Structures are given as C-alpha cells and as structure tokens.
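Read off the chains here:
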Amino acid sequence: MRVDDLSLHAGGRELQHGLTFDVRAGEVLAICGASGCGKSTLLRHMIGLQTPRQGRVTWVAGGRERDVHGDDPPRREIGVAFQAGALWSSMTVGENVMLPLELHTDLGEVARERQARFKLALAGLPDAATFDAEPASLSGGMRKRAAIARALVLDPPLLCLDEPSAGLDPLTSARLDDLIQRLKTDLGTAIVLVTHELDSLFAVADRLLFLDVEAHTATALGPPAELRDHGPEAVSEFLTRGGLDRRQAA
Ligand SMILES: Nc1ncnc2c1ncn2[C@@H]1O[C@H](COP(=O)(O)OP(=O)(O)OP(=O)(O)O)[C@@H](O)[C@H]1O
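Residues numbered from 1 in each chain as written. Predicted model: local features only at pLDDT ≥ 70, side-chain atom pairs only at ≥ 80, totals over all residues.

- An unreviewed UniProt entry lists the chain under the name ATP-binding cassette domain-containing protein, with Pelomonas cellulosilytica given as the organism.

### Some words on the pairing of strand β2 (residues 13-22)
- When strand β1 (residues 2-10) meets β2, the two strands line up antiparallel, connected through 6 bridges. Residue pairing for β2: V3 is matched across the bridge by F21. (Pairing = 2+ DSSP bridges. Helix = DSSP H or I, 4+ residues; strand = E, 2+ residues; numbered from the N terminus.)

### Structural notes on the sheet that holds strand β5 (residues 64-67)
- In space, the 4 strands of this open sheet follow the order β2-β1-β4-β5, with antiparallel pairing throughout. The two strands at the open ends of the sheet, each matched to only one other strand, are β2 and β5. Strand-to-strand twist of the sheet, defined as the mean angle between neighbouring strand axes without regard to direction, takes the value 25°.
- Here helix α1 (residues 39-46) sits on the sheet and contacts β1, β2 and β4 (56-61); the angle it forms with β1, its principal contact strand, is near 125°. (Axes fitted to C-alpha atoms, helices over the stretch in contact; angles between N-to-C directions. Contact = placed C-beta atoms within 7 Å.)

### Focus: the site of the ligand
- Around the ligand, the neighbouring residues are A10, G11, L15, G33, S35, G36, C37, G38, K39, S40 and T41.
- A per-element tally of the shell around the ligand places α1 first, with 3 residues.
- In terms of residue class, the shell around the ligand is made up of 3 nonpolar, 7 polar and 1 charged. (Near = placed C-beta within 6 Å. Nonpolar A, V, L, I, M, F, W, Y, C, P; charged D, E, K, R; others polar.)

### Considering α1
- Buried within α1 we find K39, L42, L43, H45 and M46. For α1, the angular spread of the buried residues around the axis is 160°, confining them to a single face.
- Note on α1: the residue one or two positions beyond its end, G48, has a positive phi of about 90°. (Buried ≥ 20, exposed ≤ 12 C-beta atoms within 10 Å, placed from the backbone. Arc of directions from axis to C-beta.)

### A word on the pairing of β4
- As defined by bridge partners, β1 adjoins β4 across 3 bridges and the pair is classed as antiparallel. Bridge pairing in β4 links V3 to V57.
- As judged from the 4 bridges shared by β4 and β5, these two strands associate in the antiparallel manner. By the bridge assignment for β5, W59 is matched with R66.
- The antiparallel hairpin formed by β4 and β5 contains 2 residues in its connecting segment, where G62 sits at a positive phi of about 55°.

### As for the sheet that holds strand β10 (residues 217-222)
- Read from one edge of the open sheet, 6 strands run β6-β7-β8-β3-β9-β10, paired in mixed fashion. Lying at the two open borders of the sheet, with one neighbouring strand each, are β6 (78-81) and β10. Each neighbouring strand pair of the sheet contributes to a mean axis angle of 15°, computed without reference to strand direction.
- Taken together, the 4 bridges between strand β3 (residues 28-32) and strand β8 (residues 190-194) define a ladder with parallel strand orientation. Across the sheet, the residue bridging to I31 is V194, located in β8.
- Sheet strands in contact with helix α6 (residues 170-187) are β3, β7 (158-162) and β8, and its direction is about 155° off that of β8.

### So, the environment of A205
- Mapped onto the elements, A205 comes out in the loop between α7 (198-204) and β9 (207-212).
- For A205, a count of 22 C-beta atoms within 10 Å puts it in the buried group.
- Between the C-alpha atom of A205 and that of C37, which follows or precedes it by 168 residues, the distance is 20 Å.
- A205 has contacts with V28, L29, A30, L193 and P224, leaving out every residue within four places of it along the chain.

### Thoughts on the nonpolar core
- Among the nonpolar cores identified, the biggest contains 69 residues, and M46, C160 and V192 are the most heavily contacted of them.
- Here this core takes 7 residues from helix α5 (residues 140-152), the largest share from any one element.
- Beyond its immediate chain neighbours, meaning those up to four positions away, M46 contacts M1, V3, V57, V68, C160 and V192. (Core = buried A, V, L, I, M, F, W, Y, C linked by C-beta atoms within 7 Å.)

### Regarding helix α9 (residues 233-241)
- Buried within α9 are the following residues: V235, F238 and L239. The buried residues of α9 occupy an angular sector of 90° when projected down its axis, which confines them to one face. Of the exposed residues in α9, those oriented more than 90 degrees away from the buried face are E233, T240 and R241.
- Considering only its buried residues, α9 is in contact with β3, α7, β9, β10 and α8 (224-230).

### Examining the confidence of the model for the chain
- Per-chain confidence: the chain averages 90 in pLDDT, with 96% of residues scoring 70 or above.
- Scored below 50 in pLDDT, residues 243-250 makes 11 contacts in the model with residues more than four places away or belonging to other chains.
- Across the interface, the model reports ipTM at 0.92; the global pTM reads 0.90. (pLDDT = per-residue confidence, 0-100.)

Below is the structure:
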C-alpha cells in the first residue's frame, strides 16, 4: 500500500498533513503518537472508510494500482479489527467469522464453517464450543481474537489492527503479540498496528511511523530500536519513556 501526501481532518480541524509512506508486503508497521494525533483516523483512511480531502491511498499488487477510495477498492485484500472488537452481538462467534465468506465468496456452508473454525483456532480460540457462543459470553481478550479471526477469514495480504491489546492483561497482551508474529512469519501477512504499548511495539514491529501531535505530521519512520537510539528527540523520548506503556504501569 502506498500513502501519498495524505491529510487527515476531524471536526473541521486538520490533524495531520503530508503523510507519505508505504506498507511493504509481509512487514509489521506500527503507527504511534500521542493520544488524539489521528492514528485511528489514519487507519480509517487507509482502509477506505474515510475519504481524504487531500492525498491518495493506493493498493499496489500484481502490477496493478487501485485507489482505495476509487471505483474498485481492495476490500477483500484488507482485513480490519477495530479497537472495540466490533462483533455483531445478534450472531454467534462462528456466524460473525463466517460473514465475510458469505458476502465475498461462493463457498458452501460446510466449507465456510471449516474455514471459520480454522481461523478461530489460528487466532488462539481452538475450543469447538467458542464457535456457537454468543460474543457477550466471551472475555475481552477472546472477543479481540474472534475479531482478528474474522479479519483473517478471507486470507487478506494486509491486516489492520487498532490497539488490539488495549485493556488486556499483560499475559493476554503478550499472546496477541505472539499471534501477530505468527501471522507475519507463517502466512506472510502485512500488518498495520496502531498501538501505545512499547513492549508490543518492540516485540513485533519492523518499522514505526510516528505522528507528531504538535507538528501535525509524521516526524519519523524506521525500525523502533533505531528511532529510540537515533531518532528525533520527541520520538526517542516516546520510545524510551512511553508515558503510555500500560503494561509496565499495570
Ligand atoms: N468524527 C469525528 N468528529 C469530530 N472529531 C473527531 C471525529 N473523529 C475523531 N475526532 C477527533 O480527532 C482527533 C483524533 O482522533 P483519533 O481517534 O484518530 O486519534 P488517536 O490518535 O487514534 O487517539 P487515541 O490514541 O486516543 O485513540 C481526536 O481529537 C478526536 O476527538
């Protein structure tokens, strides 16, 4: 994915401008910055949910370029799990995970169920009973995993995760990091990860994009350890002290 000169606005004010970067095949790209700098807004622009006033987001694959906000957006190619998990409460977990297969494929019921159970197991929910459970009966960590299973069910080459470990205990959060690593190494999935968690960031991210809340633009892009040791002061301070490293605070 290529992002060119993108501006982000919310409630009539500019959050960010001049955002230019790419997401490479098979990498984990973390998006960081202070609360309110526009990380979730950027994610919504990258998946085509919000249209930019300025700039472009392009899906580049197989020698073709498609505008994410154009007539033929890459919907099947991008899996998304939002901050709150966002499972449909009127459906069972299994029905939630099978939904994209119903909407986007011709697979029959048996194949859909097999695929959904496989993705639930991959996301760390192998218990057969989980498939028929109501989302409300699951723990917060399990709901996040189910949402990731749904985001993965179409085998997208890109997965976008908005604060997957927010509100989770340290162990569950570390398990999510393992899952992200496995998706990257076993499936070759590229992952864009919005996170505040330093442990998680250093464990899984190949590169980090830092959105500065005061400069209203990205002030760093590179490997986390490199930016911590040699990046701009605000970035290195964020990566050293974090301020929002909830796992250490807990
Ligand atoms: N639809 C909207 N209308 C008005 N303001 C909005 C809207 N969406 C977001 N904002 C504002 O835009 C700013 C950026 O929001 P966003 O959720 O993208 O930030 P963030 O960096 O992801 O923050 P956090 O780390 O706290 O989740 C916030 O001040 C938010 O209140």
